[in-house]
Every structure is written in C-alpha cells, then in structure tokens.
Amino acid sequence: MNYYELERLIEETIEKGLLCRAELADESLCYFIPRKKCGDLLLATIDSDFRPDGWTIRSIRKLVDFDIARPFHQLLVRKFDEALEEPDVDISGWETVFGDIKSKGIHVSVEGRIDGENDRYVLGIVGEVRKHSVFIWQYDADGVWEPQPLKINYADITNISFGCRYNEAYASVIRVPDFSGFEYEKEPAEGEKDARILEFRRK
C-alpha cells in the first residue's frame, strides 16, 4: 500500500468511525479509532480491550502496516463504546501539538527513537517547545523525576498518547516541581549552524 492509498483508507475509517489495526516500526501492534488527520499526523481514540482509553497522535509515515479490524471486533467496540470529548489540540504539526499539551498541563507519553535508543518510551510533562524539537520532563515508574529534561526531535517521534488510564493514574498522585526557572540549552542561530557545517567541511 502506497502513502496515497493509506491516506484514503484512513479517511474512510474516520468517516465511518472504524476500529483499526496498525503495525509500528518495532513490529508491535496497536488498535485505535481514527478521528481526524492533518498532514502527516493522525488523532485517534486508543482502544484497550474494546473500550476507549484516551488519545493518541501518530505519524502516518511511521505506520508499517494499517488495516481495518475484523467485523466482529467492530461489533464489540460499538457495544462498549463510550463518548470521549475530543481534545482541543491543534494537530497541524508536532510544534502545535506539544504547545497545546503544555498549555493544558497534560501528562504525555512519547514513543520513538529517543536519546539514541529505538522504540523508547517516556512519560512526563512538556517543558520547552521548539520548531524542530521538544523538551520533556520525565519521571520513572516510581514517580521519581529526572534531574534534566530530555530533548526529543520531532523527526524521531512515532506517536504520543495522553488521557489514558495509565497516564492519568500517575498524574493524579505525582507532584509536579516548579521548572519555570530552568535554563534550556540554547539552539545555535541559523547562520551559526551554517558556519559550523562549513568549518566541518574544511576539516
């Protein structure tokens, strides 16, 4: 299936509210109901044992395989369907997505190639949002915060999720520190980046 065919199939599932099955680059399977798409990003309801469990935003280009779930599974999903209020998140790009999530104080899971590791998963809150990357303040399974935020490039993100029971359980008990005084690493100006590239080429 080429990208154009994939887009058409996704549009059909959005129109009909169908449960879908997708395979990711790490060969894991996931089930969700697409709600809307914009460019390369897809907003969908997470399906957990045929019940809605929060939201996911995925890069369509990172989907290895995508198909409509079997008819019997569609019946099960409709039987246990619960109306979830669609989040007010602008999915025109990762920068706007994380900007909206930060403004709402949402705890978010991010998956992808993170900090040089494939298929890594982090959970936390959004720190600084930039044009090509985002800083995430993350905590571990024991609710302990990392001392430094993790910088993640948008190009390395496979998907994010929020509003699910797992995230909300942590959010209900974890105290969020005041990160407002933290100084994030500065990005070089465009001219400075070009100068570094030229210097590298000279060497």
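Described below are features of the structure shown in this document. Quantities reported herein were computed from a predicted structural model and do not represent experimental measurements.

1. Focus on the overall build of the chain
Line of reasoning, step 1. Helix and strand counts for the chain come out as five helices and ten strands.
Line of reasoning, step 2. A burial count over the chain gives 41% of its 203 residues as buried.
Line of reasoning, step 3. Looking at the chain alone, contacts between residues at least 24 apart form 58% of all its contacts between residues at least 6 apart.
Line of reasoning, step 4. For the chain, the computed accessible surface area is about 11,900 Å², with 48% contributed by carbon and sulfur atoms.

2. Examining the side chain of glutamine 74
Line of reasoning, step 1. Note that glutamine 74 resides in helix 2 (residues 71–79).
Line of reasoning, step 2. Beyond its immediate stretch of four places on either side in the chain, glutamine 74 contacts Leu18, Leu19, Ile68 and Ala69.

3. Some words on helix 1 (residues 3–16)
Line of reasoning, step 1. Here helix 1 is 14 residues long and its end C-alpha atoms lie 20 Å apart, about the 20 Å a rise of 1.5 Å per residue gives.
Line of reasoning, step 2. For helix 1, the complete set of buried residues consists of Leu6, Glu7, Leu9, Ile10 and Thr13. Axial view of helix 1: buried residues confined to an arc of 165°, hence all on one face. Opposite its buried face, helix 1 presents the exposed residues Tyr4, Arg8 and Glu15, each directed more than 90 degrees away.
Line of reasoning, step 3. By the N-cap criterion, in which a side-chain oxygen at the helix start approaches the backbone nitrogen of a residue two or three places on, helix 1 is capped by asparagine 2, the distance to tyrosine 4 being 3.2 Å.

4. Overview of the packing of aromatic side chains
Line of reasoning, step 1. For the structure on display, the rule yields eleven aromatic pairs.
Line of reasoning, step 2. When the ring of tyrosine 139 is compared with that of tryptophan 145, the centres are 4.9 Å apart and the planes differ by 75°; the resulting orientation is edge-to-face. By the burial criterion, tyrosine 139 is buried, and tryptophan 145 matches it.
Line of reasoning, step 3. Ring centres of tyrosine 139 and tyrosine 170 lie 5.7 Å apart, and the angle between their planes is 35°; this geometry places the pair in the tilted category. You can see tyrosine 139 sitting in the loop between strand 8 (133–138) and strand 9 (150–153) and its partner tyrosine 170 sitting in helix 4 (residues 165–173), a full 31 residues away along the chain.
Line of reasoning, step 4. For tyrosine 170, a relative accessible area of 17% corresponds to the buried category.
Line of reasoning, step 5. The structure contains a cluster of three or more aromatic residues connected by ring pairs, namely Phe135, Trp137, Tyr139, Trp145, Tyr166, Tyr170, Phe179, Phe182 and Tyr184.
Line of reasoning, step 6. Above the plane of the ring of tyrosine 3 lies arginine 61, whose end atom (NZ or CZ) is 4.1 Å from the centre.

5. Here we look at unusual backbone geometry
Line of reasoning, step 1. With a phi close to 55°, aspartate 49 is a non-glycine residue in the positive phi region.
Line of reasoning, step 2. Relative to the helices and strands, aspartate 49 resides in the loop between strand 3 (41–48) and strand 4 (51–59).
Line of reasoning, step 3. Its relative accessible area of 66% is what places aspartate 49 among the exposed residues.

6. With respect to the pairing of strand 4
Line of reasoning, step 1. Counting buried residues along strand 4, eight of its nine residues qualify, which places the element largely inside the surrounding structure.
Line of reasoning, step 2. Hairpin connection, strand 3 to strand 4: the antiparallel pair is bridged by two residues, and aspartate 49 has positive phi, about 55°.
Line of reasoning, step 3. Where strand 4 and strand 10 (residues 157–162) come together, four bridges link them in antiparallel fashion. Paired with threonine 56 across the two strands is serine 161, which belongs to strand 10.

7. Considerations on the pattern of salt bridges
Line of reasoning, step 1. One pass over the structure, following the stated rule, counts seven salt bridges.
Line of reasoning, step 2. A salt bridge links glutamate 12 to lysine 16, with the shortest nitrogen-to-oxygen separation between them at 3.2 Å. With a gap of four residues between them, glutamate 12 and lysine 16 both fall in helix 1, about one helical turn apart.
Line of reasoning, step 3. A relative accessible area of 30% places glutamate 12 in the partly exposed class.
Line of reasoning, step 4. Exposure remark for lysine 16: the relative accessible area of 48% places this residue in the partly exposed category.
Line of reasoning, step 5. Close ionic contact of glutamate 128 with arginine 130 constitutes a salt bridge, the shortest N to O distance being 2.7 Å.
Line of reasoning, step 6. Relative accessible area serves as the criterion here: at 10%, arginine 130 is assigned to the buried category.

Criteria and thresholds
Counting from 1, residues in each chain are numbered in the order their sequence is written. Given that the model is predicted, a residue must reach a pLDDT of at least 70 before its local features are reported, and side-chain atom pairs must reach 80 or more before they are shown or counted; all residues, however, enter totals for whole chains, interfaces and linings. Note that water and hydrogens are dropped before the side-chain values are worked out from all heavy atoms of the structure. Strands are runs of DSSP state E lasting at least 2 residues, helices are runs of H or I lasting at least 4, and numbering of each runs from the N terminus. Classification of residues uses two cut-offs on accessible area relative to the type maximum, computed with a 1.4 Å probe and protein chains only: under 20% is buried, over 50% is exposed, and between them is partly exposed. Residues count as neighbours in contact if any of their non-hydrogen atoms are within 4.5 Å of one another. Each accessible area is a Shrake-Rupley result for a 1.4 Å probe, and residues are judged covered by the shown protein chains and nothing else. A helix is expected to span 1.5 Å for every residue after the first. Throughout, the arc means the angular range of directions from the helix axis out to the C-beta atoms. Polar contact criterion, stated in full: a pair of N or O atoms within 3.5 Å, where within protein one must be able to donate a hydrogen and the other to accept it, and residues adjacent in sequence count only if both atoms are side-chain atoms. Any two of the Phe, Tyr and Trp rings considered here, Trp counted by its six-membered ring, make a pair once their centres fall within 6.5 Å; the pair's planes then place it as stacked at under 30 degrees, edge-to-face at over 60, or tilted in between. We count a charge as sitting over a ring when the NZ of a lysine or the CZ of an arginine lies within 6 Å of the ring centre and within 35 degrees of the ring normal. Here, strands pair whenever DSSP counts at least two bridges between them. Take a side-chain nitrogen of Lys or Arg and a carboxyl oxygen of Asp or Glu: if they are within 4 Å of each other, that pair is a salt bridge.

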